[in-house]
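As a plain string of letters, each chain reads:
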Amino acid sequence: MSNRVVYSHLFDLLSRGRTALTLRLFCWFLIGMPIYARSQAPTVSYTSPQAYHTGTAISTLSPTSSNVPALTYGNVTTYAGSGTSGGADNANPLSATFQSIKAITRDARGNMYVAEHDGKRIRKIAPNGTVTTLKQWVSFMPNNIEINSATGDLYISIASHRILKVPNSNAANYPAQDPTYPDWTDATIVWLGSSSSGNGDGIGTSARFDVPLGLDVDASNTYLYIADYNNNRIRRVTIASGQVTTVTTNGSTAVGITYPEAVVLDATGNLYVTSSNTRRVHKITGAVNSASISDFAGSGSAGYLDGQGTTARFNEPR
């Protein structure tokens, strides 16, 4: 497979520093696939009013359109990545190379940040398309990446059971100016968890995770939610203090969640979680330790059937 990821028609959501569930499903399902962009919807109008008379032929209506030519609307084009595995930066995004893309997020300035799992890198794609490497690790393998829309800080989950927090040194001027990330030392950025797996709640590095995957920050930038994959748990972090608490665990209700992979919040605070094991999207409502879980979409049977809610089918949604 070529080393690219689908980046579809979700710029409105990403411009707020958030990653939509749909995009996350693409990012995880098409691991290793250039970053794609989809054309903007056109504005179509007709000359009016139109008069029609009995026995008279109706002339052809000729609409006018703007924004996007009709022949390109709906086409998927490559935004970044040559399709060859690698880690080459380039001012031409189509000449840059990526390796095993896991996730992507976007800041308020239009910069995109890409987590490369096997490449052990975090890449930046500037609005002009220039691809640069922000950090190349020796051992850290990033699973997901999110951004704090207020400060520009980056949150990164890694395979070795930890959550990194990379501070934006230009936070006082963000989002009027681009964020900057000069300090990537382990002592600075290892925020939560340790190299030892576990499931204990706690503050900072005293908390434990077992392969944290999906991340999402709430609209107020108060909490970070984490899909704790091997623990079958959803965790919540109070960003100001680093306090980790368990929102829910598998078996806490009749539904339960096993092997959660992606998490995303809606405008009212409901949390949606994909489970590749159950082939469902779950909905979590309520407070920590008393959350209610329901099946939001997916029947549990493998397939690709469209439909309403639990009549639809997925195959390992991620």
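In what follows, the structure referred to is the one given above.
The text that follows walks through the structure, step by step, so that each part is easy to find.

In this section: the overall build of the chain. Scanning the chain for helices and strands turns up three helices and 21 strands. Relative to its full complement of 318 residues, the chain shows a buried share of 47%.

This brings us to the environment of Val-264. Residue position: Val-264 is located in strand E18 (residues 260-265). By relative accessible area, Val-264 is classed as buried at 8%. Along the primary structure Val-264 and Gly-214 are separated by 50 residues, whereas in three dimensions their C-alpha atoms are 8.4 Å apart.

As for its position among the elements, Asn-170 is in the loop between strand E11 (162-166) and helix H3 (186-189). A relative accessible area of 13% means that Asn-170 is categorised as buried. Here the side chain of Asn-170 touches Asp-178 through a polar contact of 3.0 Å, landing on its backbone oxygen. Here Asn-170 is in contact with Gln-177, Asp-178 and Thr-180, once residues within four sequence places are set aside.

Below, the discussion takes up the nonpolar core. Formed by 17 residues in total, the largest nonpolar core has its most connected members in Trp-137, Ile-145, Leu-154, Ile-156 and Trp-184. Where this core is concerned, the elements lending two or more residues are strand E6 (112-116), strand E9 (142-147), strand E10 (154-158) and E11. With three residues, E10 is the largest single contributor of residues to this core. With sequence-adjacent residues up to four places away left out, Trp-184 is seen in contact with Ile-122, Leu-134, Lys-135, Trp-137, Leu-154, Ile-156, Val-166 and Ile-189. Tyr-155, Leu-215, Val-217 and Ile-226 belong to the second largest nonpolar core, which has 13 residues in total.

Strand order across the open sheet formed by four strands is E18-E19-E20-E21, with antiparallel pairing between neighbours. Only two strands of the sheet have a single neighbouring strand rather than two, namely E18 and strand E21 (292-297). Taking the axes of each pair of neighbouring strands and ignoring which way they run, one obtains an average angle of 30° across the sheet.

Another aspect to go through is the pattern of salt bridges. Within the structure shown, the criterion is met by seven salt bridges. Between Asp-89 and Arg-123 there is a salt bridge, with the nearest N and O atoms lying 2.9 Å from each other. Residue Asp-89 is located in the loop between strand E4 (76-80) and strand E5 (101-106), and its partner Arg-123 is located in strand E7 (residues 121-125); the two are separated by 34 residues in the primary sequence. One salt bridge in this structure joins Asp-178 and Arg-109, with 2.9 Å as the shortest N-O distance. Here Asp-178 is found in the loop between E11 and H3, whereas its partner Arg-109 is found in the loop between E5 and E6, with 69 residues between them in sequence.

This part takes up the pairing of strand E19 (residues 271-275). Burial analysis of E19 places five of its five residues in the buried class, which makes it a mostly covered element. Here E18 pairs with E19 via four bridges, running antiparallel. Bridge assignment links Leu-265 to a residue of E19, and that residue is Leu-271. Between E18 and E19, which pair antiparallel and follow one another directly, the connecting turn spans five residues, one of which, Gly-269, has a positive phi of 95°. Here E19 runs beside strand E20 (residues 280-285); their pairing, made up of five bridges, is antiparallel. In the sheet register, Ser-275 faces E20, and the bridge partner there is Arg-280. Counted between consecutive antiparallel strands, the loop separating E19 from E20 contains four residues, among which Arg-279 sits at a positive phi close to 60°.

About the thresholds
- Residues numbered from 1 in each chain as written.
- Predicted model: local features only at pLDDT ≥ 70, side-chain atom pairs only at ≥ 80, totals over all residues.
- Heavy atoms only, no water.
- Helix = DSSP H or I, 4+ residues; strand = E, 2+ residues; numbered from the N terminus.
- Buried < 20%, exposed > 50% of the residue type's maximum accessible area, 1.4 Å probe, protein only.
- Polar contact = N/O pair within 3.5 Å; in protein donor to acceptor, adjacent residues only side chain to side chain.
- Contact = heavy atoms within 4.5 Å.
- Core = buried A, V, L, I, M, F, W, Y, C linked by side-chain atoms within 4.5 Å.
- Pairing = 2+ DSSP bridges.
- Axes fitted to C-alpha atoms, helices over the stretch in contact; angles between N-to-C directions.
- Salt bridge = Lys/Arg side-chain N within 4 Å of Asp/Glu carboxyl O.

Structural measurements only, silent on function.
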